[in-house]
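A closer look at the structure
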Amino acid sequence: MGALNDQVVAELAALLGPKGLRRTADLAGQDPGMDGQNLEAGLAALPDSLTQLSALMAFCHAQEIPVVPQGGRTGLSGGAVSQAGQLIIMLDRFDDIEDFDPFGGTVTVGAGVTLARLQDFAEEKGLSAGIDLGARGSATIGGMVSTNAGGNEAFRNGVMRHRVLGLEVVLADG
């Protein structure tokens, strides 16, 4: 397993730019979400494009740095828990609603879009997101997909895997 020493942190900062890396002090005021250990790694990357995320994953793979992807940190499964030596990858900056197909009633969104924002967008179009849960204001679509979230409308409309038509992903090696 790779070490997050000063040189590696400097290389991450250069790769991600001035707004792309949060250290322990930057994370101190951030809500850890449902589990107080979600931010224990003390270092978080905030890539702003698929190209940057791909380069980040390739770097972490080459350096053998374990990563913990995080959405809104609202999950109860413990998937966002991190520890020292790991790098948190926050997808907050992937918050674009990219495309809407009025004929198919589909929308393409980034992993960092919150459920509330998607619901508002769908409502403006006379549609429903087809899924709801109490953490709608902070739960992200990427996190909901990764945990196959169900929520209040799951019995009627299915869980997240029933709502997804396709994914664009970055693999562990970039």
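Above this text sits the structure in question.
The present account deals with the structure reproduced in this document. (Residues numbered from 1 in each chain as written. Predicted model: local features only at pLDDT ≥ 70, side-chain atom pairs only at ≥ 80, totals over all residues. Heavy atoms only, no water.)

**Considerations on the overall build of the chain**
Along the chain, the regular secondary structure elements total six helices and six strands. Starting at the N terminus and walking to the C terminus, you meet the elements of the chain as α-β-α-β-α-β-β-β-β-α-α-α. Over its C-alpha atoms the chain spans a radius of gyration of 17 Å, differing by no more than 12% from the 16 Å that the globule rule assigns to 174 residues. At a minimum sequence separation of 6, the contacts of the chain that also span at least 24 residues come to 53%. (Helix = DSSP H or I, 4+ residues; strand = E, 2+ residues; numbered from the N terminus. Rg over C-alpha atoms; globule rule 2.2 N^0.38 Å. Contact = heavy atoms within 4.5 Å.)

**Digging into the pairing of strand β5 (residues 97-101)**
Summarising the sheet, β5 and strand β6 (residues 106-109) pair through four bridges and their orientation is antiparallel. Bridged to I97 within β6 is V109. Here β5 folds back onto β6 in antiparallel fashion, the turn holding four residues, of which G105 has a positive phi close to 65°. (Pairing = 2+ DSSP bridges.)

**Section: a nonpolar patch on the surface**
On the surface, a cluster of nonpolar side chains totalling about 330 Å² of accessible area is made up of L167, V169 and L171. Among the structural elements, L171 can be located in the segment after α6 (154-157). (Patch = residues over 30% accessible without salt bridge, like charges linked within 9 Å, V, L, I, M, F, W, Y side chains within 5 Å. Areas by Shrake-Rupley, 256 points an atom, 1.4 Å probe, with all protein chains shown as cover. Salt bridge = Lys/Arg side-chain N within 4 Å of Asp/Glu carboxyl O.)

**Comments concerning the sheet that holds strand β3 (residues 67-70)**
Strand order across the open sheet formed by four strands is β1-β2-β4-β3, with mixed pairing between neighbours. Of all the strands in the sheet, just β1 (21-23) and β3 have a single pairing partner and so form its edges. Mean inter-strand twist for the sheet, computed between neighbouring axes without regard to direction, equals 25°. Relative to the sheet, helix α1 (residues 6-16) contacts β1, β2 (43-45) and β4 (87-90), its axis offset from that of β1 by approximately 140°. (Axes fitted to C-alpha atoms, helices over the stretch in contact; angles between N-to-C directions.)

**Section: the environment of R117**
On the secondary structure map, R117 appears in helix α4 (residues 115-124). Here R117 falls in the partly exposed class, since its relative accessible area comes to 36%. Sequence-wise, R117 and D95 are 22 residues apart; in three dimensions their C-alpha atoms are separated by 9.4 Å. For R117, the residues in contact, after removing those within four places along its chain, are D95, D96 and I97. At 2.2 Å, the side chain of R117 forms a polar contact with the backbone oxygen of D95. (Buried < 20%, exposed > 50% of the residue type's maximum accessible area, 1.4 Å probe, protein only. Polar contact = N/O pair within 3.5 Å; in protein donor to acceptor, adjacent residues only side chain to side chain.)

**What about the packing of α1 against helix α3 (residues 50-63)?**
Put simply, α1 and α3 touch, their axes get as near as 10 Å, and they point 165° apart. The pairing of α1 with α3 is recorded here as roughly antiparallel in orientation. Both α1 and α3 take part in a crossing whose hand is right-handed. For the pair formed by α1 and α3, the contact residues are V8, E11, L12, L15 and L16 on the first element and Q52, A55, L56, F59 and Q63 on the second. Grouping the constituent residues of the contact of α1 with α3 by class yields seven nonpolar, two polar and one charged. (Parallel < 35°, antiparallel > 145°, perpendicular 65-115°, else oblique. Left-handed = near helix turned anticlockwise from the far one by under 90°. Nonpolar A, V, L, I, M, F, W, Y, C, P; charged D, E, K, R; others polar.)

**Here we look at the pattern of salt bridges**
Across all of its chains, the model carries two salt bridges by this definition. Here R93 makes a salt bridge to D48, at a shortest N to O gap of 3.4 Å. Within this pair, whereas R93 is found in the loop between β4 and β5, its partner D48 is found in the loop between β2 and α3, the two being separated by 45 residues in sequence. Residue classification places R93 among the partly exposed residues on the basis of a relative accessible area of 27%. Owing to a relative accessible area of 41%, D48 belongs among the partly exposed residues under this scheme.

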